[in-house]
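Coordinate inspection notes
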Amino acid sequence: SGSETSSDRQIDGLEAGADGYIARPIEIKELLARVRANIRIRNAEKALRVSEEHLRFLLRATPSVIYTCKWGPPYGATFVSENVVSQSGYKPEEFTENSDFWADHIHPDDAPRIFAELPKLLESGYHQHEYRFLHKDGGFRGMHDKMHLIRSADGKPVEMVGCRIDITERKRAEEEIQNLAQFPAENPNPILRIARDGTLLYINNAGLSLLPEWHLQTGQAVPAMLPQAVFRAMNDETSQVIDLDYG
């Protein structure tokens, strides 16, 4: 029949990808309005896809892992950005499918401190801390974690939003600086720090016995040949050996 043919055509059109089907006579104004509405919908969908792609790119490109998690122990993750793979070796779903995953991978020496500090979020709404996290390769990585508490309209804690960045290299550099800072005091040889004007600023324990022999104290000028030798060594990048008699 004619109605069956019309219905069949509508079904064929919809299955072919049509967004709508006009089955009755229509005024040109209504037709134009439908077209404009359809264009607006398509443009909005396109803009949304572009925005989502931009967001995914930013989340992949940033060194910080962005996450959301439940408020309250064990603070299970509800979302983790894809770059967590490069940071920790684990996939996002490993965090989100196991509420204990994050908590279970914190270094056991750091975990008590971390979980004792987290309730501070209730007071300030913001907290940051550092801890060691177990990488999938079996080693621990230093993490700096910043988090904000999200509350509902009635003020109740809902979830936490945070970002976590790997600070392993920074921590190693800090340890090296600390080790170097201990070098003068622990060195068995005399080490002096001399100002450009020749004033003795520092001498380690191994060199203290020299001060009486030189009739010298920190804050006083050292023999002229000593800073001269130091400056020559620094400028020429060579070793300088001098014999010093003072008294």
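This write-up is about the structure you can find in this document. Just so it is clear, the structure is predicted and the values come from calculations on it, not from any experiment.

A closer look at the overall build of the chain
Counting its regular elements, the chain contains ten helices and seven strands. Per-residue burial for the chain yields a buried fraction of 27% across its 247 residues. Partitioning the contacts of the chain with sequence separation of at least 6, the portion at a separation of at least 24 is 36%. Of the roughly 16,700 Å² that the chain leaves accessible, carbon and sulfur atoms contribute 54%.

Focus: the pattern of salt bridges
Counting across every chain of the model gives ten salt bridges. Note that Arg170 is salt-bridged to Glu174, the shortest N-O span being 3.2 Å. Of the two residues, Arg170 and Glu174 are both situated in helix H8 (residues 168–186); the distance of four residues between them amounts to about one turn of the helix. Judged by its relative accessible area of 37%, Arg170 falls in the partly exposed class. The exposure class of Glu174 is partly exposed, given its relative accessible area of 32%. When salt bridges with common partners are traced through the structure, they connect Glu130, Arg170, Lys171 and Glu174 into a single cluster.

Observations concerning the nonpolar core
Core analysis: the biggest nonpolar cluster contains 23 residues, and Phe95, Trp102 and Phe133 have the highest contact counts within it. Not counting residues up to four positions away in its chain, the partners in contact with Trp102 are Pro74, Tyr75, Phe95, Ile114, Phe115, Leu118, Tyr131, Phe133, Asp145 and Arg164. In this structure, Ile194, Leu200, Leu211 and Val222 belong to the second largest nonpolar core, which totals eight residues.

Comments concerning unusual backbone geometry
A cis geometry characterises the amide bond from Pro73 onward to Pro74, with omega recorded as 0 degrees. Turning to its location among the elements, Pro74 is positioned in the loop between strand S1 (65–70) and strand S2 (77–80). Phi at Tyr75 takes a positive value of approximately 60 degrees, unusual for a residue other than glycine. Mapped onto the elements of the fold, Tyr75 is located in the loop between S1 and S2. Owing to a relative accessible area of 5%, Tyr75 belongs among the buried residues under this scheme.

Focus on the environment of Ser99
With respect to the helices and strands, Ser99 occurs in the loop between helix H4 (92–96) and helix H5 (101–104). The sequence separation of Ser99 and Ala77 amounts to 22 residues, and the corresponding C-alpha distance is 6.4 Å.

Considerations on the packing of aromatic side chains
Overall, the coordinates contain nine aromatic pairs when judged by the stated rule. Measuring from centroid to centroid gives 5.9 Å for Trp71 and Tyr75, while their planes differ by 70 degrees, and the two rings are edge-to-face. For Trp71, a relative accessible area of 24% translates into the label partly exposed. Taking the centre distance of 4.9 Å and the plane angle of 85 degrees together, the rings of Tyr90 and Phe101 count as edge-to-face. Of this pair, Tyr90 sits in the loop between helix H3 (84–88) and H4 while Phe101 sits in helix H5, placing them eleven residues apart in sequence. For Tyr90, a relative accessible area of 6% puts it in the buried group. Owing to a relative accessible area of 8%, Phe101 belongs among the buried residues under this scheme. One aromatic cluster is present, formed by Trp71, Tyr75, Trp102, Phe115 and Tyr131 through successive ring pairs. Just above the ring of Tyr67 sits the side chain of Arg164; from NZ or CZ to the centre is 4.8 Å.

Reading the values: the criteria
- Residues numbered from 1 in each chain as written.
- Predicted model: local features only at pLDDT ≥ 70, side-chain atom pairs only at ≥ 80, totals over all residues.
- Heavy atoms only, no water.
- Helix = DSSP H or I, 4+ residues; strand = E, 2+ residues; numbered from the N terminus.
- Buried < 20%, exposed > 50% of the residue type's maximum accessible area, 1.4 Å probe, protein only.
- Contact = heavy atoms within 4.5 Å.
- Areas by Shrake-Rupley, 256 points an atom, 1.4 Å probe, with all protein chains shown as cover.
- Salt bridge = Lys/Arg side-chain N within 4 Å of Asp/Glu carboxyl O.
- Core = buried A, V, L, I, M, F, W, Y, C linked by side-chain atoms within 4.5 Å.
- Phe/Tyr/Trp six-rings, centres within 6.5 Å; stacked < 30°, edge-to-face > 60°.
- Lys NZ or Arg CZ within 6 Å of the ring centre and 35° of its normal.

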